[in-house]
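Summary of structural features
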Amino acid sequence: MAKEGTLLVVDDNRSILAALQLLMGNYFARVLTLPTPNRLATLLREEPIDVVLLDMNFTAGINTGNEGIYWLREIHRTRPDVKVVLFTAYADIDLAVRAMRDGAVDFVVKPWDNERLVAALRNAYNLARSQREVKQLKEIKRELKQEEPMFWGGSPAMARIREIVEKVAATDANILITGENGTGKEMLAREIHNRSARRRELMVPVDMGAVPETLFESELFGHVKGAFTDARTDRAGKFEVADRGTLFLDEIGNLPPRLQSKLLTAIQSGRIVRLGSNTPVKVDIRLISATNRDLFGMVADGEFREDLLYRINTIHIDLPPLRQRREDILPLAEKFLGRYAAKYNKPIEGFDEAAVREMHDYPWAGNIRELQHTVEKAVILCDGRTIAPATLLLRPAPAETSPKTGFSTLEEMERAMIAEAVTRCGGNLTEVARQLGITRQTLYNKIKRYGL
Ligand SMILES: Nc1ncnc2c1ncn2[C@@H]1O[C@H](COP(=O)(O)OP(=O)(O)OP(=O)(O)O)[C@@H](O)[C@H]1O
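Think of each chain on its own: its residues are numbered from 1, step by step along the sequence as written. At least 70 in pLDDT is required for a residue's local features to be given in this predicted model, at least 80 for side-chain atom pairs to be given and counted, and no such filter applies to totals for whole chains, interfaces and linings, which use all residues.

**So, the overall build of the protein chain**
Helix and strand assignments follow DSSP, with helices taken as H or I runs no shorter than four residues and strands as E runs no shorter than two, numbered in order from the N terminus. What the protein chain contains, in helices and strands, is 20 helices and 16 strands. Scored against the burial criterion, the 452 residues of the protein chain give a buried share of 35%. A separation of at least 24 residues holds for 69% of the contacts in the protein chain among residues at least 6 apart in sequence. Any residue surrounded by 20 or more other C-beta atoms within 10 Å of its C-beta is treated as buried, while 12 or fewer makes it exposed and the intermediate range makes it partly exposed; C-beta atoms here are placed from the backbone. Once C-beta atoms have been placed from the backbone, residue pairs whose C-beta atoms lie within 7 Å are recorded as contacts.

**Here's the deal with the UniProt feature "modified residue: 4-aspartylphosphate" (unreviewed entry) in the protein chain**
UniProt positions are given in the numbering used here, feature names are shortened, and annotations may be inferred rather than shown by experiment. UniProt's entry tags Asp 55 with the feature "modified residue: 4-aspartylphosphate" (unreviewed entry), counted in the numbering of this structure. Inspection of the secondary structure assignment puts Asp 55 in strand 3 (residues 51–55). Not counting the four nearest positions on each side in its chain, Asp 55 is found in contact with Val 10, Asp 11, Asp 12, Gly 68 and Phe 87.

**Quick word on the packing of helix 18 (residues 410–424) against helix 19 (residues 429–436)**
Fitted lines through C-alpha atoms give the axes, limited to the stretch in contact for helices. The angle between two N-to-C directions lies from 0 to 180 degrees. For the pair helix 18 and helix 19, interaxial distance at closest approach is 9 Å and the crossing angle is 130°. Here helix 18 is positioned oblique relative to helix 19, judged by the angle of their axes. Between helix 18 and helix 19 lies a crossing whose hand is right-handed. Each of Met 417, Ala 421 and Val 422 in helix 18 lies in contact with helix 19, whose residues at this interface are Val 432, Gln 435 and Leu 436. Split into classes, the residues belonging to the contact of helix 18 with helix 19 amount to 5 nonpolar, 1 polar and no charged. In these notes the angle categories are as follows: under 35 degrees is roughly parallel, over 145 is roughly antiparallel, 65 to 115 is roughly perpendicular, and the rest is oblique. Handedness of a helix crossing follows the sense of rotation of the near helix relative to the far helix, less than a right angle counterclockwise being left-handed and clockwise being right-handed. Residues are grouped as follows: nonpolar covers Ala, Val, Leu, Ile, Met, Phe, Trp, Tyr, Cys and Pro; charged covers Asp, Glu, Lys and Arg; every other residue, Gly included, is treated as polar.

**Structural notes on the confidence of the model for the protein chain**
Caution applies to low-pLDDT regions: their predicted coordinates should not be interpreted in detail. On average, the protein chain scores 87 in pLDDT, and the residues at 70 or more come to 92%. The spread of mean pLDDT over the elements of the protein chain runs between helix 17 (residues 396–400), the lowest at 49, and strand 6 (residues 175–178), the highest at 97. Below pLDDT 50 for its whole length, residues 398–404 participates in 12 contacts with residues either more than four positions away or in separate chains. The ipTM, which scores confidence in the relative placement of chains, is 0.98 for this predicted complex, and the corresponding pTM is 0.65. Confidence of the prediction at every residue is given by pLDDT, a number between 0 and 100.

**Observations regarding the pairing of strand 10 (residues 246–250)**
With 5 of 5 residues buried, strand 10 is to be regarded as a mostly interior element. Residue alternation in strand 10 divides its side chains into two sets, Thr 246, Phe 248 and Asp 250 and Leu 247 and Leu 249, and both sets are buried. Relative to strand 10, strand 7 (residues 203–207) is paired through 5 bridges, and the arrangement is parallel. Note that in strand 10 the partner of Asp 207 across the bridge is Asp 250. One ladder, built from 4 bridges, connects strand 10 with strand 13 (residues 286–291); its direction is parallel. Bridged to Phe 248 within strand 13 is Ile 288. Note on pairing: DSSP must find at least two bridges between two strands before they are called paired.

**Side note on the site of the ligand**
The immediate surroundings of the ligand are formed by 19 residues, with Phe 151, Gly 184, Lys 185, Glu 186 and Met 187 found nearest. Taken domain by domain, the makeup of the shell around the ligand includes at least three residues from each of domain 2 (156–318) and domain 3 (324–449). Residues are counted as near a molecule or strand when the C-beta atom, derived from backbone positions, lies within 6 Å of that molecule or strand. For the purposes of this description, domain bounds are those given by an automatic or database domain assignment.

**Examining helix 19**
Listing the buried residues of helix 19 in full gives Val 432, Ala 433, Gln 435 and Leu 436. All buried residues of helix 19 fall inside an arc of 165° around its axis, so they share one side. With its phi angle positive at about 70°, Gly 437 sits one or two positions after the end of helix 19. What the arc describes is the spread of directions from the helix axis to the C-beta atoms.

**Structural notes on the sheet that holds strand 14 (residues 315–318)**
In spatial order, the strands read 7-10-13-6-14; together these 5 strands make up an open sheet with parallel pairing. For this open sheet the edge positions go to strand 7 and strand 14, each flanked by a neighbour on one side alone. Here the strands of the sheet are splayed against their neighbours by 15° on average, with no regard to which way each runs. Note: strand 6 against strand 14, 4 bridges, orientation parallel. By the bridge assignment for strand 14, Ile 177 is matched with Ile 317. Contacting strand 6, strand 7, strand 10, strand 13 and strand 14, helix 7 (residues 185–194) runs over the sheet at an angle of about 165° to strand 13.

Here is the structure:
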């Protein structure tokens, strides 16, 4: 067993300190000892202590344990992350209960059983470590969090959605957002999170379209060391990282049936179990799910659990594709233009009339994402003060293959566009995804779905 972590033993009996230094040195990287608790706070500030084994009775003759409770609170005041195991010569169950209520993680009675003491201290250490890891993950995410403001636009469809969002954001209702790729599902989820009481915590996105199926479970629920071949350390799943915040499950339609059941259990019980562990961990999350697939159709085909669907779609919001709210195309394009002109330091003032017309009539199969990429490319290529069709580079292919010219469904059109782009790019899928303004994973999903 690898020696890890720092243990501090506080006890006024020096022979106990010596015995434990020897015994626990086999399990912890460092063992510190203190014969009186007076220097506790200083030591906690100076040393990277993970676990404290704290004697309950210091003043000879007063064996009420009160001093132990006092020092327990002091430890938590100085270092709330440190785990405390209490040590007492008296098997006083009331005291144990009180101490646990005050945040001690365990209680060991003297004379102690070595195995029991080692187990209690190792468990306390594992708990400290995994909580620290969750905290670190949250900090990393917080740093990465970049916020672009959501643009609502002036369409009646978006006005209705805005009304719903204003009503439900503050509640903990689970929300399902449907819509084509790039319609802004994740952006809307973030807007809801930012308007909720959970906004000071994280919104943790998990893209089920990008995680390999074999890793779904560990990604969501975490794992303990040794749970599978590559599990070299304990790892928190996204559920734990999102605790007290919002979990955003993107492409939820990709969840295989076995994990649909596990997800349902986790939502219902408010608890998850890391892979390879038996210990349930309480989690408090608000769930927002998104998909571009027809989950109701998938339920009818037996591919998605009906009970899960009803759990995740307390509120259902369907985001319209950009071509159904054409009044928002130009204002959005202008927002992106402002953003990218500043980013690339270009003195561009706007779009010329022909460019405005082209953007307005274009089908935007990749929706807002495609519009955003198109404008970014145009800003990079533009040498003058206005963007003309020649720099917009809207592909003629989608316009030619628009429903007017013979496709009876959007899916047929999408299939043709993808097939055409794959040929045009000589099978380079990264380039195809870039040109269509969708992610590579979305492209793979579509290629699979259309049997291309
Ligand atoms: N209302 C909006 N205002 C401004 N930018 C937006 C808006 N909606 C989407 N975007 C931008 O468009 C891009 C795609 O948005 P987002 O990732 O939210 O779409 P999505 O529907 O979740 O896509 P996918 O289905 O591929 O996961 C992002 O860069 C986002 O910033």
